[in-house]
Amino acid sequence: MRRPTRTPPSPLPQRHGVDPVRVRLPATGPWSTVREHLVERLTGAGDGTVDGLFEAGRIVGADGRPVPADAPYVPGMFVWFHRDLPDEVPVPFPLEIVHRDEHIVVADKPHFLATTPRGGHVAETALARLRRMLDLPALTAAHRLDRLTAGLVLFTVRPEERGAYQTLFRDRRVHKEYEAVAPYDPSLSLPRTVRSRIVKERGVLTAREVPGEPNAESRVELLGHRPPDGAAKGPGGLARYRLVPATGQTHQLRVHMTALGVPILGDPLYPVVTGPVPAGDFRRPLQLLARTLRFTDPVTGEEHRFRSGRTLAAWASYARWAAGT
């Protein structure tokens, strides 16, 4: 039985709290040089970008030395480089620390801040911010929260312990509660448990419910309701809901609330996809908050319960939220 190849440590330090890109060359392929493979693999970057990285000596091997553009292709070889950071509008809301010890960090993430680097959100992410704030370059995320959703996210301090915390989420041993503000429908009988089959196709913005064995389950409870202040929002006014997901399908809570006829306020995807929001427009955030996390620490055995200190703006003042002030 062939042993898995050990990944060598990165020869490049982080930049702005962001790890370098690591590429392992495939075992087989038609490429004669490292450059040929990277040009094909990084199609979106373009030949000029890859050549510029080579010319600047920014693509390095495991020994930290620059790899020449004409270096022969070696199956299984690792190379590293830093991408140029995209222009990002800073998210002007604080990232709060709820708990920190030698094993974990629990952060209270604001709306609009991505959890981890992805796409056009790299340095302006919760992970990169925390690495810089706390001087913890090895910090990693144990799970993710949608960029538009605010609330609690768990990060691990020691790489060797990350798997233990990720397993908690995989095995559904973390109790999570969310809060949402959405229209109030007096005819909707609550509490109730919603079960359905949700699929999310690659390249499609929205998830959807389809016939079949349920793979998504959410408990929906009513916490309170009242007429909105300053503007009408349907005949029933507004309500605040507690949402308890038993599973973790993409956009699950947003899909289930829409299916009940009470889509979450500020949702740009459900029930209909709206036009893209310009960068820097932080008005009318999605009114969804990851309020609590509860679990038994797999390393220390301690019972943890964490609660977000944030409030949902539309519940505090619907008129101000709607006006984007």
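(A) Molecular detail of the side chain of E177. Tracing the backbone through its elements, the reader meets E177 in strand 7 (residues 175–183). Judged by relative accessible area, which is 16%, E177 ranks as buried. Polar contacts involving the side chain of E177 include one to the side chain of H175, which spans 2.9 Å.

(B) Examining a positive patch on the surface more closely. Together, R118, R144, R162, K200 and R202 make up a region of like positive charge exposed at the surface. Mapped onto the secondary structure, R162 falls in helix 4 (residues 162–170). The class for R162 is partly exposed, based on a relative accessible area of 32%.

(C) Spatial organisation of the pattern of salt bridges. Taken as a whole, this structure holds 19 salt bridges when the rule is applied. Measuring nitrogen to oxygen at the nearest pair gives 2.6 Å for the salt bridge that ties E221 to R242. Here E221 is found in strand 10 (residues 216–226), whereas its partner R242 is found in strand 11 (residues 238–245), with 21 residues between them in sequence. Given the relative accessible area of 22%, E221 is considered partly exposed. Connected through salt bridges with shared partners, the residues E177, R219, E221 and R242 form a single ionic network.

(D) Just the packing of aromatic side chains, in detail. The tally for this structure, following the rule as stated, stands at 7 aromatic pairs. Between W31 and Y73, the aromatic rings sit 5.4 Å apart at their centres with planes inclined by 35°, giving tilted as the arrangement. Residue W31 is located in the loop between strand 1 (21–24) and helix 1 (34–41), and its partner Y73 is located in the loop between helix 2 (47–55) and strand 2 (78–81); the two are separated by 42 residues in the primary sequence. The same class applies to W31 as to Y73, namely buried. Sitting above the plane of the W315 ring, R226 keeps its charged end 3.7 Å from the centroid.

(E) Main features of the side chain of D267. Within the fold, D267 resides in the loop between helix 5 (252–259) and strand 12 (288–296). The buried category is assigned to D267, whose relative accessible area is 9%. Not counting residues up to four positions away in its chain, the partners in contact with D267 are R254 and L286.

Thresholds, definitions, all that
Residues numbered from 1 in each chain as written. Predicted model: local features only at pLDDT ≥ 70, side-chain atom pairs only at ≥ 80, totals over all residues. Heavy atoms only, no water. Helix = DSSP H or I, 4+ residues; strand = E, 2+ residues; numbered from the N terminus. Buried < 20%, exposed > 50% of the residue type's maximum accessible area, 1.4 Å probe, protein only. Polar contact = N/O pair within 3.5 Å; in protein donor to acceptor, adjacent residues only side chain to side chain. Patch = residues over 30% accessible without salt bridge, like charges linked within 9 Å, V, L, I, M, F, W, Y side chains within 5 Å. Areas by Shrake-Rupley, 256 points an atom, 1.4 Å probe, with all protein chains shown as cover. Salt bridge = Lys/Arg side-chain N within 4 Å of Asp/Glu carboxyl O. Lys, Arg positive; Asp, Glu negative; His and termini not counted. Charge placed at Lys NZ, Arg CZ, Asp CG, Glu CD. Phe/Tyr/Trp six-rings, centres within 6.5 Å; stacked < 30°, edge-to-face > 60°. Lys NZ or Arg CZ within 6 Å of the ring centre and 35° of its normal. Contact = heavy atoms within 4.5 Å.

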